[in-house]
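Geometric and topological summary
For reference, the chains in residue letters:
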Amino acid sequence: VIAESETLPNIYASEPAKILGIRKHTAQEWSFSLAFNAEEEPGKFVMVSLPDTGEVPISISGFSKGAIELTVRKVGDVTSGLFTRAVGDSLSIRGPYGEGFPLEVFDGLPLLIVAGGSGVAAVKSLLDYYTNQEPMAVNSVDLVVGFRSPRHVLFRRELKAWEKCGSVVVTVDKTEDDDESWAGGIGFVVDYVKHVEGIGNETQVVLVGPPMMMTNTVRELRNNGVLEENIWLSFERHMQCGVGKCGHCRIRDKYVCLDGPVFNYVEARSLID
Ligand SMILES: Cc1cc2nc3c(=O)[nH]c(=O)nc-3n(C[C@H](O)[C@H](O)[C@H](O)COP(=O)(O)OP(=O)(O)OC[C@H]3O[C@@H](n4cnc5c(N)ncnc54)[C@H](O)[C@@H]3O)c2cc1C
Ligand code: FES
């Protein structure tokens, strides 16, 4: 008799991925470069586990040969555990999972990416993808990204590189009292999207951030002629299995882990909190 466990692959099996480098953006946000093979598919995520602590979904923020990058915000048990790891240690990874960005839909069209705070981690691989492409498959890539304050700005180096693809607007909610050097915008991203040149019914939009920011930005985009079916949202929901088995991430008939995390707005408007 062959036990079932001997014939079926274990879909929850992780593999060790060595930490090749750590980039410390802020005390709360670090990027980990990991030895892990994955095809370049912007928008997908992996499950990262720590023994005796738990397992969390994290977007792949960068792809390179034989390595992926994960950008983590320290919020709780598992993410804090990751911040105790050092170069040379290994993390347990499984995936990649989920439906990424619909690259073929964007072909030949202007693309606008709007991201709030650490949400930029979820779109970084998409921005890198087009920056490294020659010629670029889309018409242009404009970015409006908002952070809490100048010290919370992530990926300063990449923000410069992404200007190759289109306009890059960086805005902060507020500056510190003693900070007069900030040359970017001040205010919420929603106040800046209408200033993006050429925005209209052809524009494809990728939107990542807290629910309130997404709701307000969708309203502003609609006021500026962007079609609902051209808006794509990337969601962060609590997950457990990551592969459509536990129902933890389910919102009505949708599984964020399987059907998302990227959804078209027409399908996802009811999923915004
Ligand atoms: C598809 C997907 C992609 C993600 N990509 C990234 C990423 O690139 N970088 C990153 O830092 N995080 C990302 N997250 C969020 C990340 O998974 C959570 O921050 C993580 O699960 C928290 O685990 P923890 O054990 O550290 O915190 P916990 O101890 O479980 O929780 C700490 C606090 O965070 C809250 N929390 C936990 N999970 C979430 C969540 N998913 N959304 C909102 N609040 C939550 C809890 O309610 C609690 O208040 C992603 C989530 C999803 C679903
Ligand atoms: S996380 Fe288990 S079904 Fe999506």
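Summarised in this report is the structure supplied together with it. In this text, all values refer to a predicted model and were calculated from it rather than measured experimentally. (Residues numbered from 1 in each chain as written. Chains lettered and ligands numbered in written order. Predicted model: local features only at pLDDT ≥ 70, side-chain atom pairs only at ≥ 80, totals over all residues. Heavy atoms only, no water.)

Digging into the sheet that holds strand 8 (residues 140-147)
Spatially, seven strands are ordered 10-9-8-7-11-12-15 in an open sheet, and the strand pairing comes out mixed. Where the open sheet ends on each side, the last strands, each with one partner, are strand 10 (185-186) and strand 15 (262-264). Pairing between strand 8 and strand 9 (residues 168-172): five bridges, direction parallel. Among the inter-strand pairings, Val-145 is bridged to a residue of strand 9, identified as Val-170. (Pairing = 2+ DSSP bridges. Helix = DSSP H or I, 4+ residues; strand = E, 2+ residues; numbered from the N terminus.)

As for the layout of surface pockets
Quantified by volume, the largest pocket comes out at close to 1,400 Å³. Arg-73, Val-75, Ser-118, Gly-119 and Glu-236 are the residues nearest the centre of the largest pocket, which is lined by 49 residues in total. Counting only elements with at least two residues in the lining of the largest pocket, the list comes to strand 4 (54-64), strand 5 (67-73), helix 2 (77-82), helix 4 (120-131), strand 8 and helix 6 (211-223). Per-element tally for the lining of the largest pocket: the top contributor is strand 4, with five residues. (1 Å grid on protein atoms, 1.4 Å probe; cavity = no way out; pocket = protein on both sides within 12 Å on 5 of 7 lines; lining within 4 Å. Points joined across faces, edges and corners; volume = space filled by probe spheres on them.)

A look at the side chain of His-25
For His-25, the location among the structural elements is in the loop between strand 1 (15-24) and strand 2 (29-35). There is a polar contact of 2.7 Å between the side chain of His-25 and the side chain of Ser-31. Contact partners of His-25, with chain neighbours within four places excluded, come to Trp-30, Ser-31, Thr-71, Leu-154 and Phe-155. (Polar contact = N/O pair within 3.5 Å; in protein donor to acceptor, adjacent residues only side chain to side chain. Contact = heavy atoms within 4.5 Å.)

So, the environment of Glu-55
For Glu-55, the position within the fold is in strand 4. Counting along the chain gives 23 residues from Glu-55 to Val-78, while the straight-line C-alpha distance between them is 6.8 Å. Sequence-distant contacts of Glu-55, that is, excluding residues within four places in its chain, are made with Ser-14, Met-47, Val-48, Ser-49, Val-78, Arg-94 and Gln-240. Among the polar contacts made by the side chain of Glu-55, one reaches the side chain of Arg-94 at a distance of 2.8 Å.

Some points on the pattern of salt bridges
Within the structure shown, the criterion is met by 13 salt bridges. Glu-134 is paired through a salt bridge with Lys-164; the nearest N and O atoms lie 3.8 Å apart. In this pair, Glu-134 sits in the loop between helix 4 and strand 8 while Lys-164 sits in the loop between helix 5 (156-161) and strand 9, placing the two residues 30 residues apart along the sequence. We classify Lys-164 as exposed; its relative accessible area is 54%. Two residues, Arg-157 and Glu-158, come together in a salt bridge whose shortest N-O distance is 3.8 Å. When its relative accessible area of 11% is taken as the criterion, Glu-158 is described as buried. It is possible to trace a salt-bridge network through shared partners that takes in Arg-23, Arg-157 and Glu-158. (Salt bridge = Lys/Arg side-chain N within 4 Å of Asp/Glu carboxyl O. Buried < 20%, exposed > 50% of the residue type's maximum accessible area, 1.4 Å probe, protein only.)

A look at the pairing of strand 12 (residues 231-234)
Side chains Ile-231 and Leu-233 of strand 12 all project onto a buried face; the interleaved residues Trp-232 and Ser-234 project onto the opposite face, where all are buried too. Bridge analysis of strand 11 (residues 204-208) against strand 12 gives four bridges, and the strand direction is parallel. In the strand pairing of strand 12, Val-205 is matched with Ile-231. Strand direction decides the pairing type here: strand 12 and strand 15, joined by three bridges, are antiparallel. Residue pairing in the sheet places Trp-232 in a bridge with Asn-264 of strand 15.

Some thoughts on the pairing of strand 11
When you tally the buried positions in strand 11, you get five out of five residues, the bulk of the element. Of the two faces of strand 11, both are covered, the one formed by Gln-204, Val-206 and Val-208 as well as the one formed by Val-205 and Leu-207. The pairing of strand 7 (residues 110-116) with strand 11 spans five bridges and is classified as parallel. Looking at the pairing, Leu-111 lines up with Gln-204 of strand 11. Viewed along the sheet, the connection from strand 11 through helix 6 into strand 12 turns out right-handed. (Right-handed = clockwise from strand over helix to strand, strands pointing away.)

A short note on helix 6
Taking 1.5 Å per residue, 13 residues should reach 18 Å; helix 6 reaches 19 Å between its end C-alpha atoms and fits that length. Restricting attention to buried positions, one finds in helix 6 the residues Met-213, Met-214, Thr-217, Val-218, Glu-220 and Leu-221. Taken down its axis, helix 6 places every buried residue within 165° of arc, on the same side. The exposed residues of helix 6 that point more than 90 degrees off its buried face are Met-212 and Asn-223. Each element contacted by the buried residues of helix 6 is listed here: strand 7, strand 11, strand 12 and helix 8 (265-268). Immediately beyond the C-terminal end of helix 6, within one or two residues, lies Gly-225, with a positive phi of roughly 85°. (Expected span 1.5 Å × (residues − 1). Arc of directions from axis to C-beta.)

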